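Observations on chain architecture
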Amino acid sequence: MKKWFLLPFAALVWAPLWLLATAAVTGSAELQLTWGPALAGKGQAAWTLLPSWPTLQPILQLLLDTPEYFAAFWNTCAQVFPQMAGQLTVGAPAAWALSRLRFRGRRALQALYLILMLLPFQVTMVPAYLTLNTLGLMDTAWAVVLPGAFSTFPVFLMQRGFDTVPLPLLEAAAIDGAGPWQQFWRIGLPVGTPGVLAAMTVSFLDAWNALEQPMVFLPTPLRWPLSLYLTNMTGQDLALTMAASLFMLLPAVLIFAFGQPYLEQGILAGAVKG
Amino acid sequence: MRGNYAQTRRRQHAAPWLFLAPSLCGVTLFVLAPFAETVRRSFCDTLGRRAVGLANYQSVLQNAAFRLAVRNTVRFTAVCVPLLLGLSLLLALALRSRPLRGTRWAQRYRTTFLLPMAIPVASIALLWQVLFAQNGLLNTLLGTHCDFLGSDAAFWVLIATYVWKNAGYTSVLWSGGLDAIPKELYEAAAVDGAGAVRQFTAVTLPQLCPTLAGTGILSLLNTGKVFREAYLVAGAYPPQSIYLLQHLFNNWFLALDLPRLCAAAVLVALATLAGLAGLRVGKR
């Protein structure tokens, strides 16, 4: 009995996904009939559980005949993956130092990184703009990639992952002659992998979803990522937009399915420490 | 041998800074140094040459749009963070309660409630409009004719979307804290005759305090991203009830109103710092 009582809440998650998936295989004429009224403001939108005439036409049209969509998809990739690579190469060593190395100023730096992480984008966008403008990087993919790559949020998450590496293990390695770099590379990274993967999963979802950064730093619509392109796709063919929405969702859900165990592990490791 | 030892020691002293160097350089280049410039410009005119004293701050604080945005942002945070923390704690407790605990169903539910955090805002932007419009699907279902996106109701749609998106993630955070509570405490409380409710208030809640800090910080962090959901609900020109600071900053940015933008950024930074300091004092 009790296992059912959460079902209505689960439905709140699955219903929108169901609507999204079914709308992507509904023809534009039918969608215009059922959903059109909601957007046109005349008549009343109607629910349908399944399309009466399922068709792959919108998906095919999207994949074969919508070059703007591919341009936006490529823009997203060019902004997301370099950013993640940067976060990994720059953030992991920093997180390691803040978590496992003892040095003067460590607490102050931890506090600084926490504050930087909590500053809202409204505060950091102005300084970032000043630097990007000086370097002449505005309106290029770098304008989104570089400030994102130095974000302190992944550092915070990875730090919590590295906190699980036992210090005695490192001391033993040091006695055996392992230098700081070897300790990081041979012990820290392998043991801290769940934390790193959790951080990368969160970063990916965040970057894939980025809206305010490209909005401010990329004035030219040609350079917009999918997130911005799609939210401004109003007035176009309904069915086509729904197909595009589905294809934007798929990579995120795939990465989520891959990262979920690490996410739970990584979050738990951090939360226990409080 | 001695020289070798000294060399090792020196290397160990340098190591942390070498590890941190790339990150610190980037943070300095993109945040710290330009933030100093932001502070300077907040006291200058548009070209950043002539000092104008506090005029920019005065202009920002007297600006009606700024006041509205601050009010909305504060109201939003004050409503949704406690709401999210409470609901997700209930969810975590429900997933750990007896018949569900450790079953395949619990894992299925966990995945289900985590899923919204993976759903990009852009994917559901159009769907949300279809759902919540005046002639939309939700009104069809309820038989009403309410304009969810155009009125004060938009604020609550925004709150609901925020909770929908973050409840799963936050409940996993709580779950970690619940795992860390020693079983003996519950046994001792049961021996003393405490019922389920008393056990919750006397054992669970006090023991969750350390988790509250981490969970609260991450929830607060996510409220900063709520602009995405606001954009999802209402586009670039939202109704008054969900006009947030990010909307205002975007407008001033488009108008290239740098002096006011800088002054406002400094004000928001100060408010954030004051809030954090307040939390720290409160924790003590």
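Here, the structure is the one placed above.
Bear in mind the structure is a predicted one, so any value in this text is a computation, not a measurement.

Now for the interface of chain B and chain A. Listed as interface residues are 94 residues of chain B and, on the opposing side, 102 residues of chain A. In total, about 8,500 Å² of surface goes out of reach between chain B and chain A, with carbon and sulfur atoms giving 78% of it. When the buried area of chain B at its contact with chain A is split by residue, Phe19, Phe30 and Arg228 of chain B rank highest and sum to 10% of it. Applying the counting criterion to the chain B and chain A interface returns three salt bridges. In this structure, Arg228 of chain B and Glu212 of chain A form a salt bridge, with 2.8 Å as the shortest nitrogen-oxygen distance. Our count for the contact surface shared by chain B and chain A stands at 17 residue pairs in polar contact (both at pLDDT 80 or more). Top contributing element to the side of chain B that touches chain A by residue count: helix α1 (residues 2–41) of chain B, with 20 residues.

Within the largest apolar cluster, 172 residues are counted, with the highest numbers of intra-cluster contacts made by Trp35 and Phe217 of chain A together with Leu20 and Trp128 of chain B. The element contributing the most residues to this core is helix α7 (residues 153–179) of chain B, with 15 residues. With sequence-adjacent residues up to four places away left out, Leu20 of chain B is seen in contact with Ala94, Ala97, Leu98, Phe103, Leu109 and Tyr113 of chain A.

We now examine helix α4 (residues 57–65) of chain A. Residues and elements named next belong to chain A. Every buried residue of α4 is listed here: Pro58, Ile59 and Leu62. Down the axis, α4 shows its buried residues gathered within 100° of arc, on one side only. Turned more than 90 degrees from where α4 packs its buried face, Leu64 and Asp65 sit exposed.

This part covers a nonpolar patch on the surface. All names here are of chain A. A contiguous nonpolar patch, built from Leu56, Leu60, Leu63, Leu64 and Phe70 and spanning about 500 Å² of accessible area, is present on the exposed surface. If you tally residues by element for the nonpolar patch, the top one is α4, at three residues. Its location among the elements puts Leu56 in the loop between α3 (36–40) and α4.

Turning next to the environment of Pro93 of chain A. Counting through the fold element by element, Pro93 of chain A comes out in helix α5 (residues 67–100). The exposure class assigned to Pro93 of chain A is buried, which follows from its relative accessible area of 12%. Remark: the alpha-carbon pair of Pro93 of chain A and Leu189 of chain A, spanning 96 residues in sequence, is separated by 9.4 Å. If sequence neighbours within four positions are ignored, Pro93 of chain A has contacts with Leu88 and Phe184 of chain A together with Phe19 of chain B.

Rules and cut-offs
Residues numbered from 1 in each chain as written. Chains lettered and ligands numbered in written order. Predicted model: local features only at pLDDT ≥ 70, side-chain atom pairs only at ≥ 80, totals over all residues. Heavy atoms only, no water. Contact = heavy atoms within 4.5 Å. Buried area = accessible area lost by both parts, 1.4 Å probe. Salt bridge = Lys/Arg side-chain N within 4 Å of Asp/Glu carboxyl O. Polar contact = N/O pair within 3.5 Å; in protein donor to acceptor, adjacent residues only side chain to side chain. Helix = DSSP H or I, 4+ residues; strand = E, 2+ residues; numbered from the N terminus. Core = buried A, V, L, I, M, F, W, Y, C linked by side-chain atoms within 4.5 Å. Buried < 20%, exposed > 50% of the residue type's maximum accessible area, 1.4 Å probe, protein only. Arc of directions from axis to C-beta. Patch = residues over 30% accessible without salt bridge, like charges linked within 9 Å, V, L, I, M, F, W, Y side chains within 5 Å. Areas by Shrake-Rupley, 256 points an atom, 1.4 Å probe, with all protein chains shown as cover.

In short, geometric facts, not functional conclusions.
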